[in-house]
Each structure stands twice: as C-alpha cells, then as structure tokens.
Amino acid sequence: MSTEPDVIGQEEIRYFGKVTASISHELKNVLAILNEHAGLLQDFVAMAAQGRPLDVERIRQLSDGMLKQIGRGDTIVRNMNRFAHTADHERATADLVGLVELSVQMFGRTAAARGVTVQVQTPGQPMMIATHPFVLETLIGKLLDHLAGKAFGIGTVSIGLGWRGPEAQISVPGLATCAGPLAELLASDEVKLLLAVLDATIEFSVAGGALVMTLPGNIDAGRANAPGKPA
Amino acid sequence: MADKILLVDDEAEFLKTLSERMRARGMDVSTAESAKDALAKVEKGTFDAVVLDLQMPGMDGLEALRILKERDPKLQVILLTGHATVEKGVEAMKRGALDLLEKPANIETLRQKIEEASARRLVLVSQEAEEKVKDIIASKGW
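Counting from 1, residues in each chain are numbered in the order their sequence is written. Labels follow written order: the first chain is A, the first ligand is 1, and so on. Under the rules for a predicted model, residues below a pLDDT of 70 receive no local features and side-chain atom pairs below 80 are neither given nor counted, while totals for whole chains, interfaces and linings still include all residues. Side-chain calculation: all heavy atoms of the structure are included, whereas hydrogens and water are not.

1. Structural notes on the overall build of chain B
For chain B, the count of helices and strands is five helices and five strands. Sequence-ordered secondary structure for chain B, helices as α and strands as β, is β-α-β-α-β-α-β-α-β-α. All radius of gyration figures rest on C-alpha atoms, and the globule criterion is 2.2 Å times the number of residues raised to 0.38. Over its C-alpha trace chain B gives a radius of gyration of 16 Å, about what one expects of a compact globule, namely 14 Å for 142 residues. With the principal axes as the frame, chain B shows a C-alpha extent of 55 × 35 × 25 Å. For chain B, the proportion of its 142 residues judged to be buried stands at 44%. Every residue pair with non-hydrogen atoms within 4.5 Å of one another is taken to be in contact. Of all intrachain contacts in chain B linking residues separated by at least 6 positions in sequence, the fraction that spans at least 24 positions is 60%. For accessible areas, the Shrake-Rupley method is used with a probe of radius 1.4 Å. Any residue's cover is judged against the shown protein chains and nothing else. For chain B, the computed accessible surface area is about 7,300 Å², with 52% contributed by carbon and sulfur atoms. The secondary structure listing takes helices from DSSP runs of H or I that are at least 4 residues long and strands from runs of E that are at least 2 residues long, numbered from the N terminus. When a residue's accessible area, from a 1.4 Å probe over protein chains only, is under 20% of the maximum for its type it is buried; when over 50% it is exposed; and in between it is partly exposed.

Laid out in structure tokens, this is it:
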C-alpha cells in the first residue's frame, strides 16, 4: 500500500515526466526547422556550384529564421531550467505569479495541441509566498492537464491571481461545462494530499463555474502571515 | 510525372522550408497547417502521399490518419513526429500508416519513403482497376 509521501512523490514524478516530454517535443520541432533551413542552404550551395545564382534575399530570410528558432530554443531551455530548479528546495519563498506563469509556459504546447489557450491575468507585481514550489507546480499542472485534456469545449482557460487578506488566491472562472469531472478530480486522494501538503483549499462553485484555490502566504506560519503581501 | 505530396504540419516555417526542398527534388508539393485543412485538400485533390505531423492543435495526426484511410484506403500516409512512443507507433501502423519518421528527418530518407508510398499507391490503384475490368468482363459474359 502506498504511503502519503509515496503518492505525492509519484504525482511529482508523473508531472515532471509529462512536462519533460512536452519540452523535448517542442525542442525537436525547433531542431527540425533548423535542420530544414540548414538543408536548404546546402541545396543553394549545391545549385550555386552548378552555376545557378544565389538568391541573397532568400538566404537572408533563412538566416533570420534560424536566429528566431535559436531564440525560441533558448527560451524553452531557460524555462526548463527554471522549472527543474523549482524542485531544489522542499520549501522556499517564491513569487506565485512567476510559478503560475512558468506552469502555464511548461504546459502551453500540450494545451495548445488540445486546442486550449491558457492565459494568466497577473496583478502587475510579484506575490511572494512561502510554500512548496514544486508541489504547487505539480498541482497546477494536474489541474491544467485535466481542464485541457477532456473535451469540455473550453477554448481559453484564464487564471487570475490576487490576495485575500494574508492568503494568496488562484482563481479560474468559466468552468461550468466541466463541473462534474472537475468535482471528481478535486475529490481524488491525490489532489487532497497535494492540497494538504500546501495547506491549501480549493472551492468550486458549480453555479458560477469558478475554481478558487487559497494558499497561505507563509506555509510555516499558517494562514495568518503573508511575507510578500503588499502593504 | 512528379509525385503529388501533401505536407501537413502546424509549424509554418517547417512547412515552407521542407516543401521548398521537396520541390527542388522534383516533387509536386501542397501544404496544410492543420489536419482540418489537410482533410479539405485531400477531398478536393488526388495525392500520392500525405506526410502528416503527429501532434497538432485541434485534430491530431492519428485522428486525421484514421479519417484519411477511411475515405481512401489506397492513400499512403507517412507520419512525422518529434517523438514517437511505442504506443503511438503501433496505433499509427494499425490505422494504416506506411511509416513513422522522427524529426528532424533526413530529406533523402523522406524522399525514399515518398517514392515507396507512390509505388505502393500505384499498385493498389492498378489492382483496383484490374478488378473493375474483371467485373465488367464477367458482367458482360465475355
């Protein structure tokens, strides 16, 4: 029988695997484009050797395209590095906005492949909270995976962030079409355990179709303190 | 006559450059940026082979493959993917894909595979024509 730490560890590994697979797929696409661009340049060189004049404008377009893909690949690797480092410390003070944005970036391609766009409505300033960053990433990823994975007809998932007193809140409105399956997910042992580790709660209003996750500002001090809460 | 190919991928840059390289190798290439667009193009025209990306927004390559083979079992489909899991590879073959190539693909490997697809389609079309002629002969009592 699995213990609670086992279940949390399994959820974390599952999420890490899913994100890594998605990232590697996207990197493969970048490499495929670079491969074709480089191949076409080789074709041009071979044609030039046979006397066909070089199309300088097309060569410029190809080199611009290659630089663009290198920039894209660099962003992917940077995000992957940031994501990997969220697992460095079991507990840490981190910017909730950055964590949620990172989760969305990590999950973007998977969601897009399912026809879902995920947006984050940021409060315009960091929201520093003391939490378990990787457990939080795992929980957000699990929720996004669920929302984008089923045919709920949700074209856009919009995530809002803000404070309610000393507590931080993550809210997702517009989920009325998936009330049943979502309620089922929230009642699962895995989600309950992840919420317990984060000392967090999730409320889902079936009537309004809004999901609201509430997290303590400082997990070590309970729900009474919020270290980064703006005055 | 040049092989008529439909290249399907949601990465516009990839589509543009690979199609240019394929045309330089004598192929008659059309492109589609989604499975839906590909299905519409196959409905309107005849292709020797479809080179189809496995993972695309909306309808994915496996679903598109199923529909394409349902509409025309003779149509040859080559899947192209960033990463092929064993499960997806098996599923692709079950659904009638000619092969599954991994990105970045070597242009010569792709060209050989397209030639194979075109030859296979020609055999199937010829067999079908032969069967039709046999049916006509039988029905006329010749």
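2. Comments concerning the sheet that holds strand 6 (residues 201-205) of chain A
Residues and elements named next belong to chain A. In space, the five strands of this open sheet follow the order 2-4-5-7-6, with mixed pairing throughout. Every interior strand has two partners, whereas the edge strands, strand 2 (117-121) and strand 6, have only one. Direction aside, neighbouring strands of the sheet carry axes that sit 20° apart on average. When DSSP finds two or more bridges between a pair of strands, those strands are recorded as paired. Pairing of strand 5 (residues 167-172) with strand 7 (residues 210-216), which is carried by six bridges, proceeds in the antiparallel orientation. Bridge pairing in strand 7 places Ala168 opposite Leu215. Inter-axis angles, ranging from 0 to 180 degrees, are taken between N-to-C directions of lines fitted to C-alpha atoms, where helices are fitted over the stretch in contact.

3. Structural notes on the domain arrangement of chain A
Residues and elements named next belong to chain A. Source of the domain bounds: an automatic or database domain assignment. Here the domain parsing of chain A yields domain 1 (4-85) and domain 2 (92-224). Centre-to-centre, using C-alpha coordinates, domain 1 lies 29 Å away from domain 2. With 18 residues of domain 1 at the contact, the number on the domain 2 side is 18 residues. Of the roughly 1,800 Å² buried at the junction of domain 1 and domain 2 (both faces included), carbon and sulfur atoms supply 66%. The quantity reported as buried area is the accessible area (1.4 Å probe) lost by two parts once they are put together, taken as the sum for both.

4. Notes on the side chain of B:Gln76
Residues and elements named next belong to chain B. Among the structural elements, Gln76 can be located in strand 4 (residues 76-81). The class for Gln76 is buried, based on a relative accessible area of 3%. Of the polar contacts made by the side chain of Gln76, one reaches the backbone oxygen of Lys74; its length is 2.9 Å. Excluding residues within four positions of it along the chain, Gln76 makes contact with Asp48, Ala49, Val50, Lys69, Leu98, Ala117, Arg120, Arg121 and Leu124. The term polar contact refers here to a pair of N or O atoms within 3.5 Å; inside protein, the definition further demands a hydrogen-donor-capable atom paired with an acceptor-capable atom, and it admits residues adjacent in sequence only when both atoms are side-chain atoms.

5. A word on the packing of aromatic side chains
Residue and element names in this part refer to chain A. When two rings of Phe, Tyr or Trp (its six-membered ring) have centres within 6.5 Å they constitute a pair, described as stacked for plane angles under 30 degrees, edge-to-face for angles over 60, and tilted for the intermediate range. With the rule as written, the count across this model stands at four aromatic pairs over all chains. Arranged with centres 5.8 Å apart and planes meeting at 75°, the rings of Tyr15 and Phe83 form a pair that is edge-to-face. Of this pair, Tyr15 sits in helix 1 (residues 4-49) while Phe83 sits in helix 2 (residues 56-85), and the two are 68 residues apart along the sequence. For Phe83, a relative accessible area of 2% gives the class buried. Ring centres of Phe16 and Phe83 lie 5.4 Å apart, and the angle between their planes is 20°; this geometry places the pair in the stacked category.

6. Overview of a nonpolar patch on the surface
Only residues above 30% relative accessible area that lack a salt bridge enter a patch, with like-charged residues linked at up to 9 Å and the nonpolar side chains Val, Leu, Ile, Met, Phe, Trp and Tyr linked at up to 5 Å. Put simply, a salt bridge is a Lys or Arg side-chain nitrogen that is within 4 Å of an Asp or Glu carboxyl oxygen. A cluster of nonpolar side chains, namely B:Val133, B:Ile136, B:Ile137 and B:Trp142, defines an oily patch on the protein surface of about 440 Å² accessible area. Relative accessible area serves as the criterion here: at 35%, B:Ile137 is assigned to the partly exposed category.

7. Structural notes on the interface of chain B and chain A
Listed as interface residues are 22 residues of chain B and, on the opposing side, 26 residues of chain A. Together, the buried faces of chain B and chain A total about 2,000 Å²; carbon and sulfur atoms form 50% of this surface. At the boundary of chain B with chain A, the tally comes to six salt bridges. With a shortest N-O distance of 3.2 Å, B:Arg21 and A:Asp43 are connected by a salt bridge.

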